[in-house]
Amino acid sequence: MILSASALDSIAACADTLRAGGLVGVPTETVYGLGADADNPAAVAKIFAAKGRPANHPLIVHVSSQDGGMSGVAHFAAQVPPFAQQLMSAFWPGPLTLILPRREGVGAAAAGGQNSIGLRCPAHPAAQAVLRALRDAPPGQTPVWGIAAPSANRFGRVSPTTAAHVDSELGPDLLVLDGGPCDLGIESTIIDCTRGAPVLLRPGSISRLQVEQACGQRVLSNEELAMQTQRGLEAPRASGTLESHYAPNATVRLMDAKALQTAVNLLGDVMHPAGSDTKPSIAVYARSALKRVPLSIHLRRMPDDAAATAHQLFAALRAFDAAGVKLIWVETPPDTLEWEGVRDRLQRASA
């Protein structure tokens, strides 16, 4: 059931459901999340069951922006390195997840059993309204300190960026708070803060350059950290970092502009007969202006701007699935920091 975030009783209804151990579809500025009380193992187990997600694949916990998110962090995290505190000050609330050492006895199910936990303070006003309602518990009830909320879709599939996407993916029995289309459209940047230096685990709308400028340290990859320390420090498992992820039903193939034009040329000028109801089997998502595109291809132009592409990416993939295509040809995004998040999602979608 979809509830408008602007309705007077919607926030309270969602908070009551979460407090009682239920699940709620929650809007954020990145994608819609499937939320549960992060300290309730039975509620968290419902997330894994609904998504078909392995129970050892950790979830990101969302905390309230009250006092800059510090109370929520203090509840879940055993310690916060100085560079992580700088990142919180610079980017929270916003699309940045920090992996921090987990306090013993809290959030174990949401953390996938690890001794670290991913924390984020979302910027979406509806998400923050629910988090504040949970923190401000009625007399006699324990505050809920955070919502474990992976993307509200089946495991490994395309993330939802509207309430309707969540409803179609997980069914009408789920309570979904409709906060409108997500502003950013791809998941948060994830920085591991458990190994003495900032390590990029997943790119997103906040670039590694922005992270470096905010904390005054170079952001490393797992491989660079191992080389610097001469130790194979095991990276924590993190949400959305599997090789194959964010995949539509159709097969995704990445090509440069030249290869894409060649592939289009090889199809020839095949046109559906007049009145045919045959659906196109191939979709093309490209920035370049392609020549002689057959009418049998479902063509959609990719924006030249990385942020605009991120905003529409998952919705575009879902639209191609809805059109019934079997193959999606995508022009490979530029190899620049600006496009890093979009490139990551498309590479995983095509894996």
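Report follows, based on the coordinates. (Residues numbered from 1 in each chain as written. Predicted model: local features only at pLDDT ≥ 70, side-chain atom pairs only at ≥ 80, totals over all residues. Heavy atoms only, no water.)

1. A short note on empty space enclosed by the protein
Test applied: Residues are said to line a cavity or pocket when one of their atoms sits within 4 Å of a point; the points come from a 1 Å grid over protein atoms alone, cavities being sets where a 1.4 Å probe fits but cannot get out and pockets being open sets with protein on both sides within 12 Å along at least five of seven lines. Grid points are joined across faces, edges and corners, and a volume is the space filled by probe spheres set on the points. Residue classes follow a fixed rule: Ala, Val, Leu, Ile, Met, Phe, Trp, Tyr, Cys and Pro count as nonpolar, while Asp, Glu, Lys and Arg count as charged, and any other residue, Gly among them, counts as polar. Put simply, DSSP H or I for four residues or longer makes a helix, DSSP E for two residues or longer makes a strand, and each gets a number counted from the N terminus.
With the rule as written, the count across this model stands at three cavities of 30 Å³ or more. There is about 210 Å³ of room inside the largest cavity. Among the residues forming the lining of the largest cavity, the class breakdown is seven nonpolar, 12 polar and six charged. Taken as a whole, the second largest cavity encloses approximately 80 Å³ of empty space. Lining the second largest cavity are 13 residues, with Pro58, Leu59, Ile99, Gly118 and Arg237 sitting closest to its centre. For the lining of the second largest cavity, the element with the most residues is strand β6 (residues 116–120), which contributes three residues. Split into classes, the residues belonging to the lining of the second largest cavity amount to eight nonpolar, four polar and one charged.

2. Some details on the environment of Ile2
Condition: Per-residue accessibility, obtained with a 1.4 Å probe over protein chains only, is compared with the maximum for each type, and a residue is labelled buried under 20%, exposed over 50%, and partly exposed between these values. Note on contacts: a residue pair is in contact if any heavy atoms of the two residues lie within 4.5 Å.
Tracing the backbone shows Ile2 in strand β1 (residues 2–4). The class for Ile2 is partly exposed, based on a relative accessible area of 39%. In sequence terms Ile2 and Ala152 are 150 residues apart; their C-alpha atoms lie 13 Å from each other. If we skip the residues at most four places from it in the chain, Ile2 touches Ala163, Ala164, Asp167, Val176 and Asp178.

3. Brief notes about the packing of aromatic side chains
What counts, and what does not: Working definition: a ring pair exists when centres of Phe, Tyr or Trp rings (six-membered ring for Trp) sit within 6.5 Å. Plane angles under 30 degrees give stacked, over 60 give edge-to-face, the rest tilted. We call a charge positioned over a ring when the NZ of a Lys or the CZ of an Arg lies within 6 Å of the ring centre and within 35 degrees of the ring normal.
If you walk through the whole model with that rule in mind, you get two aromatic pairs. With a centroid separation of 5.8 Å and 25° between ring planes, the pair formed by Tyr246 and Phe314 is classed as stacked. Remark: Phe314 occurs in helix α10 (residues 306–322) and Tyr246 occurs in the loop between α8 (222–229) and β11 (251–255); sequence separation between them is 68 residues. Each member of the pair, Tyr246 as well as Phe314, is classed as buried. Taken together, a centroid distance of 6.2 Å and an interplanar angle of 75° make the contact between Tyr285 and Phe320 edge-to-face. With Tyr285 in strand β12 (residues 282–286) and Phe320 in helix α10, this residue pair connects regions lying 35 residues apart in the sequence. A relative accessible area of 1% places Phe320 in the buried class. The ring of Trp339 has Arg287 lying over it, and the distance from NZ or CZ to the ring centre is 5.5 Å.

4. Focus: unusual backbone geometry
Looking along the chain, the bond that leaves Trp92 and enters Pro93 is cis, with omega of -10°. Structurally, Pro93 can be placed in the loop between α4 (82–91) and β5 (96–101). Non-glycine residue Tyr246 carries a positive phi angle of around 55°. The class of Tyr246 is buried, set by a relative accessible area of 1%. For Arg292, which is not glycine, the phi torsion reads 50° and is therefore positive. With respect to the helices, strands and loops of the structure, Arg292 is situated in the loop between β12 and β13 (297–301).

5. Quick look at the nonpolar core
Stated formally: By convention a nonpolar core is built from buried Ala, Val, Leu, Ile, Met, Phe, Trp, Tyr and Cys residues, the set being connected through side-chain atoms within 4.5 Å.
Val61, Leu87, Trp92, Leu98, Leu100, Leu119 and Ile191 are the most contacted members of the largest nonpolar core, which totals 46 residues. Residue assignment for this core shows that the elements contributing at least two residues are β3 (33–37), α2 (41–51), α3 (70–76), α4, β5, β6, α6 (163–170) and α7 (208–215). Examining the composition of this core, we find that five residues originate from one element, α4, more than from any other. Those residues in contact with Leu119 that lie beyond four places of it in its chain are Val61, Val73, Phe76, Ala77, Trp92, Leu96, Thr97, Leu98 and Leu100. Tyr246, Tyr285, Ala306 and Leu346 belong to the second largest nonpolar core, which has 24 residues in total.

6. Here's the deal with helix α5 (residues 125–135)
The element α5 is extensively covered by neighbouring structure, given that eight of its 11 residues are classed as buried. Within α5, burial applies to Ala126, Ala127, Gln128, Ala129, Val130, Leu131, Leu134 and Arg135.

7. Looking at the sheet that holds strand β14 (residues 327–331)
Note the threshold: A pair of strands counts as paired when DSSP detects no fewer than two bridges linking them. Fitted lines through C-alpha atoms give the axes, limited to the stretch in contact for helices. The angle between two N-to-C directions lies from 0 to 180 degrees.
Spatial ordering of the open sheet is given by β11-β14-β12-β13, a layout of four strands whose pairing is parallel. This sheet does not close on itself; its edge strands, each paired only once, are β11 and β13. Shown here is a sheet whose adjacent strand axes are inclined to one another by a mean of 20°, direction ignored. Each of β11, β12, β13 and β14 is contacted by helix α9 (residues 257–267), which is oriented at about 145° to β14, the strand it contacts most.

Treat this as a map of the structure, not an account of what it does.
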